[in-house]
Amino acid sequence: MERRHGLPLLAVLVFAACSSASRGPTADLPPHRPEPPAPYMAPAAVVRPPNVREVLRGIADSVLAAPMWRNARWGMLVVDAQRGDTLLSHDADRLFMPASNQKLLTGAIALEVLGPDHQWRTPVLLHGTQRGHTFFGDVLVQGSGDPSVSHALRGGDAASAFQPMLDALKARGITRIAGRIRADGDALPGATTGYGWAWDDFDAGYSAAIDELMFNEGELYVHVKAGSKVGQPVRVQTLPTRGYPRVAVRARTRDSAPAAMSSVAGRAERITVAYYSIGDRVVVDGSLALGDSMRVTMAYRHPADAYLAALRERLADSGVVLRAQRVARRDTLGRAPDTLTVLMSAPFPAVLARMEKPSQNQMAELFFRSSALKATGSGSADSAQALGARVLSQWGIGAQDVAYRDGSGLSRHDYLTPRAVVRVLDAAHRAPWGELFRNSLPVAGVDGTIANRMRGTPAAGNVRAKTGTLDKARALSGYVTTADGQLLLFSLLANNYSVPTREVERVQDLIAAYLASTTLVTDK
């Protein structure tokens, strides 16, 4: 007997017709914004036809025929993981901009190259002489791209990652450092931003630069609070580093009554927080009403400097006196650096999930470069691209199927086919680390970037899939289990659309939810 299902062709046809008739194009999301979870619109329930392929083909045909998609490009591929049967294919061998679907490739390659037990190591060395409780010399920090020195993976306190260093200094009786704390080595040489990233996004947290020393995923929070009286400067606090970068406060407190322009220095009634020119100084300008406050998320322009600033602050907070000075030659002559401690990253599965579920770009870039560092000895972007091409070719993905330019998908030079995505999903499924990979992906209706999508449908708690969003590019690819327990691999990519992005999500969600509700019927 056939099962009854909740996402049939009729619902899709009604949805497509209504959407195209009642919704006109609106402004697209701004380019390169983080991927916001979106609400799900549940369709009406009716009985599905018995042939899964026919239903999926009907869904695809209805989408392609709707006037709202006349200028869009869709790529779709759904494959039975066990049998290898193709259930739906539309332009599956054409190239699409994947946006953050690129992280599927990056995560799978990292698991293949680094392995699920990998941990990043950051040796801390002392180069100098200890006399009494004072160390005369330099403290050298040798980074390798640890992505986990962040609030998200350190219980809300990124600087807690430095605790082993504090313990080691205490064990040696060092309470004063007369010298410098500096980065040593160049594990990830070359550009600190990805190939083809938009220059006007560089100061946004989601587009932060990366380096071998990375702090709080490259994010700086600037808190601005109005003064207690009109005309007073606003109060500014930066976190998680309190003294870095430097801040110039030009903004003033104004009366809370609305006006076209502030009475304070003729400035507009708004606060701007921006870097001054190409330096590392942040300027807070404009005006803020009495009693108001705001928070701005920015990027640390110089990742290693932010890391070292945070380390110095944590040392000072723990009672270690720092006196920056040039080291005397007598303290270092003939002395090799001495390992004080090695800071270890959070476990690999936790870091991978933090990259995939919220779609964290900087972690993806560090996975990208770290894989190359281990495999080739060079953590450059060029080495990472070459390594990625080699691993993908082993999975049957050639140069005609993918342009793998960065780890995160922020680059508009990234391209891949739906078939390439499905082959990565298949390779991961068959690998010893396949379960770890699947578990790292967002779960529909539960967490990550699809926490608010597909709720109340058979896809909720079932679909594990990676989203991707750039201007006029939206992706959803991953795994879904049918009602009779069959695992399916799917990739749904849309480019060059002019309707709101939510309309793309509706189609993707309908297909994913249908797949979760169906049973596979062998065609005779």
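Parameters at a glance
- Residues numbered from 1 in each chain as written.
- Predicted model: local features only at pLDDT ≥ 70, side-chain atom pairs only at ≥ 80, totals over all residues.
- Heavy atoms only, no water.
- Helix = DSSP H or I, 4+ residues; strand = E, 2+ residues; numbered from the N terminus.
- Expected span 1.5 Å × (residues − 1).
- Buried < 20%, exposed > 50% of the residue type's maximum accessible area, 1.4 Å probe, protein only.
- Axes fitted to C-alpha atoms, helices over the stretch in contact; angles between N-to-C directions.
- Parallel < 35°, antiparallel > 145°, perpendicular 65-115°, else oblique.
- Contact = heavy atoms within 4.5 Å.
- Nonpolar A, V, L, I, M, F, W, Y, C, P; charged D, E, K, R; others polar.
- Core = buried A, V, L, I, M, F, W, Y, C linked by side-chain atoms within 4.5 Å.
- Pairing = 2+ DSSP bridges.
- Phe/Tyr/Trp six-rings, centres within 6.5 Å; stacked < 30°, edge-to-face > 60°.
- Lys NZ or Arg CZ within 6 Å of the ring centre and 35° of its normal.

Quick look at helix α12 (residues 501–517)
- Along its 17 residues, α12 runs 25 Å from first to last C-alpha, staying within 8% of the 24 Å computed at 1.5 Å per residue.
- Within α12, 17 of the 17 residues are buried, which leaves it mostly tucked inside the rest of the structure.

What to know about the packing of helix α3 (residues 102–113) against helix α7 (residues 348–356)
- Closest axis-to-axis distance for the α3/α7 pair is 10 Å, and the angle between their directions is 170°. On the basis of their axis angle, the class for α3 and α7 is roughly antiparallel. Contacts from Lys-103, Leu-104, Thr-106, Gly-107, Ala-110 and Leu-111 of α3 reach α7 at Phe-348, Leu-352, Met-355 and Glu-356.
- Of the residues contributing to the contact of α3 with α7, the split by class is 6 nonpolar, 2 polar and 2 charged.

Thoughts on the nonpolar core
- Phe-367, Leu-392, Trp-395 and Phe-437 are the most contacted members of the largest nonpolar core, which totals 49 residues.
- Of all the elements in the fold, those that place two or more residues in this core are β1 (73–80), α3, α7, α8 (361–376), α9 (381–394), α10 (418–430), β19 (473–481) and β20 (487–495).
- Setting aside residues no more than four positions away along its own chain, Trp-395 makes contact with Ala-108, Ile-109, Glu-112, Arg-423, Val-424, Ala-427 and Trp-433.

Thoughts on the sheet that holds strand β7 (residues 219–225)
- Across the sheet, 3 strands lie side by side as β8-β7-β13; this open sheet has antiparallel pairing. Strands at the two margins of the open sheet, each flanked by one partner only, are β8 (235–239) and β13 (293–299). Strand-to-strand twist of the sheet, defined as the mean angle between neighbouring strand axes without regard to direction, takes the value 20°.
- Pairing of β7 with β8, which is carried by 5 bridges, proceeds in the antiparallel orientation. For His-223, the partnering residue across the bridge sits in β8 and is Gln-237.

Thoughts on the environment of Arg-369
- Of note, Arg-369 is situated in helix α8.
- Judged by relative accessible area, Arg-369 falls into the buried class, the value being 3%.

A few points about the environment of Ser-440
- By secondary structure assignment, the location of Ser-440 is in the loop between α11 (434–439) and β18 (464–470).
- On the basis of relative accessibility, which here comes to 1%, the residue Ser-440 falls in the buried class.
- Along the backbone, Ser-440 and Pro-349 are 91 residues apart, and their C-alpha atoms lie at a distance of 7.4 Å.
- Among all residues touching Ser-440, those that are not within four sequence positions of it are Leu-352, Ala-353, Glu-356 and Lys-357.

Topic: unusual backbone geometry
- With an omega of 0°, the peptide bond between Leu-239 and Pro-240 qualifies as cis.
- Note that Pro-240 resides in the loop between β8 and β9 (246–249).
- Look at the link from Tyr-244 to Pro-245: it is a cis peptide, with omega at -5°.
- Relative to the helices and strands, Pro-245 resides in the loop between β8 and β9.

Some remarks on the packing of aromatic side chains
- With the rule as written, the count across this model stands at 9 aromatic pairs.
- Between Trp-120 and Phe-367 the ring centres are 5.5 Å apart and the planes differ by 80°, which places this aromatic pair in the edge-to-face class. Within this pair, whereas Trp-120 is found in the loop between α3 and β3 (121–131), its partner Phe-367 is found in helix α8, the two being separated by 247 residues in sequence. By the burial criterion, Trp-120 is buried, and Phe-367 matches it.
- Here a set of aromatic residues connected by ring pairs shows up, and it is made of Trp-120, Phe-348 and Phe-367.
- In this structure, Arg-73 is placed above the aromatic ring of Phe-96, and the distance from its NZ or CZ to the ring centre is 4.2 Å.

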